[in-house]
Amino acid sequence: MIDVASSAIVLGASGGLGSAMVAEFLNDPAVGQVFAISSKQQPSGLGDPKSARKLVWLTSEYNETAMAEVASQLVPHAGTFSRVCICHGLLHSDTLWPEKRLEDINGSALQDIFHSNTVVPALWLKLLFKILKGQNPCIVATMSARVGSISDNHLGGWYAYRASKSALNMILKTAAIEYGRRAKNVKFIAFHPGTTDTALSKPFQATVPTGKLFTTEFVAERLAIIMDSAEIDGELSYLDWDGQSITW
Ligand SMILES: NC(=O)c1ccc[n+]([C@@H]2O[C@H](COP(=O)([O-])OP(=O)(O)OC[C@H]3O[C@@H](n4cnc5c(N)ncnc54)[C@H](OP(=O)(O)O)[C@@H]3O)[C@@H](O)[C@H]2O)c1
């Protein structure tokens, strides 16, 4: 169980899964305040009028200077955080598309994907360290993906996205070891949501088997349950939406 005075942080709060996690924490009476951090302005209609009072929306560009400035605004609340959800991720855009073969590999696309999927979460883990360290048990869940598993890669393709998620998993594993020494109250989860109906998966939904395309609300509820039952063990767990372990 989490402390009633506890707070949650959602990073990358305007995306499909990010906004569902904000709503999930707003609806959780055990969470007293929800800090949502996004490059976008606050959308209207997040949470009912009563729970919306718990929401603090902070905007940030994704460079280290701007992110450090936002992190400094969380300092007065240091030690109250029990839930953190890092939701950044990029798979396609107007200018980039997942690679089908070697010839599709493009240096600037690789850098863009690594920046959002790996670099930005890594910087948050650095910038939040002093804010999360304390006595309050704190679960940090980061949106990874099953395609980041090296042993599970049987199909190939999607070089940049796969590699950025494998690299993210290594950053999380390494951070879990260091937090385990220096901030023993923090537990890390690398989370695979399953294929979920968001802008990120939209172009790839046609081939998803019936019943396997999840709503963001379903996945947010699953992740909240997984975070509630997580043990503070100094380890990184790599889990899917059903709470099942994924091989590295
Ligand atoms: N949907 C799926 O089927 C699926 C499956 C497996 C894994 N995932 C993972 O789940 C996470 C959330 O994805 P989603 O489905 O909710 O996608 P989404 O709706 O497209 O949301 C994308 C998120 O990434 C952030 N973002 C976008 N461009 C960025 C950039 N250049 N730098 C840093 N952050 C950036 C956005 O933050 P702002 O708030 O600033 O806009 C937003 O939170 C991702 O890590 C994704 O890889 C999703």
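Check the entry above for the structure.
Right, let's walk through the structure included here.

## What to know about the side chain of Ser-60
Here's step 1: Mapped onto the fold, Ser-60 is located in the loop between β3 (55-59) and α3 (64-74).
Here's step 2: When neighbours within four sequence positions are excluded, Ser-60 is seen to be in contact with Ile-37, Ser-38, Ser-39, Ala-66, Met-67 and Val-70.

## Notes on the nonpolar core
Here's step 1: Counting residues in hydrophobic clusters, the biggest one holds 35 residues, and the most contacted among them are Trp-124, Leu-132 and Phe-188.
Here's step 2: Among residues more than four places away in sequence, those in contact with Trp-124 are Leu-11, Ile-37, Tyr-62, Met-67, Val-70, Ile-86 and His-88.
Here's step 3: Membership of the second largest hydrophobic core comes to 29 residues, among which are Phe-191, Val-219, Ala-220 and Leu-239.

## A closer look at the state of the cysteines
Here's step 1: Tallying each qualifying case throughout the model produces zero disulfides.
Here's step 2: With no disulfide partner, Cys-85 has as its closest neighbouring cysteine sulfur the one in Cys-87, 3.7 Å distant.
Here's step 3: With a relative accessible area of 0%, Cys-85 lands in the buried category.

## Topic: the site of the ligand
Here's step 1: Surrounding the ligand, one finds 26 residues, the nearest of these being Gly-12, Ser-39, Tyr-62, Tyr-161 and Thr-198.
Here's step 2: In this structure, Gly-89 approaches the ligand through a main-chain N or O atom, which is 3.0 Å from an oxygen atom.
Here's step 3: Compared with its free state, where it exposes 900 Å², the ligand has 87% of that area covered by protein.

## Side note on the packing of aromatic side chains
Here's step 1: On inspection of all chains with the given rule, the structure shows ten aromatic pairs.
Here's step 2: With 5.3 Å between their ring centres and 35 degrees between their planes, Trp-97 and Phe-204 make a pair best called tilted. Taken as a pair, Trp-97 in the loop between β4 (81-86) and α4 (107-127) and Phe-204 in the loop between β6 (186-192) and α7 (216-229) lie far apart in primary sequence, 107 residues in all.
Here's step 3: Taken together, Trp-97, Trp-158, Tyr-161 and Phe-204 form an aromatic cluster joined through their ring pairs.
Here's step 4: Sitting above the plane of the Phe-129 ring, Arg-182 keeps its charged end 4.4 Å from the centroid.

Reading guide: rules and limits
Residues numbered from 1 in each chain as written. Predicted model: local features only at pLDDT ≥ 70, side-chain atom pairs only at ≥ 80, totals over all residues. Heavy atoms only, no water. Helix = DSSP H or I, 4+ residues; strand = E, 2+ residues; numbered from the N terminus. Contact = heavy atoms within 4.5 Å. Core = buried A, V, L, I, M, F, W, Y, C linked by side-chain atoms within 4.5 Å. Buried < 20%, exposed > 50% of the residue type's maximum accessible area, 1.4 Å probe, protein only. Disulfide = S-S within 2.5 Å. Near = heavy atom within 4 Å. Polar contact = N/O pair within 3.5 Å; in protein donor to acceptor, adjacent residues only side chain to side chain. Areas by Shrake-Rupley, 256 points an atom, 1.4 Å probe, with all protein chains shown as cover. Phe/Tyr/Trp six-rings, centres within 6.5 Å; stacked < 30°, edge-to-face > 60°. Lys NZ or Arg CZ within 6 Å of the ring centre and 35° of its normal.

All quantities given are derived from atomic positions and should not be read as evidence of function.
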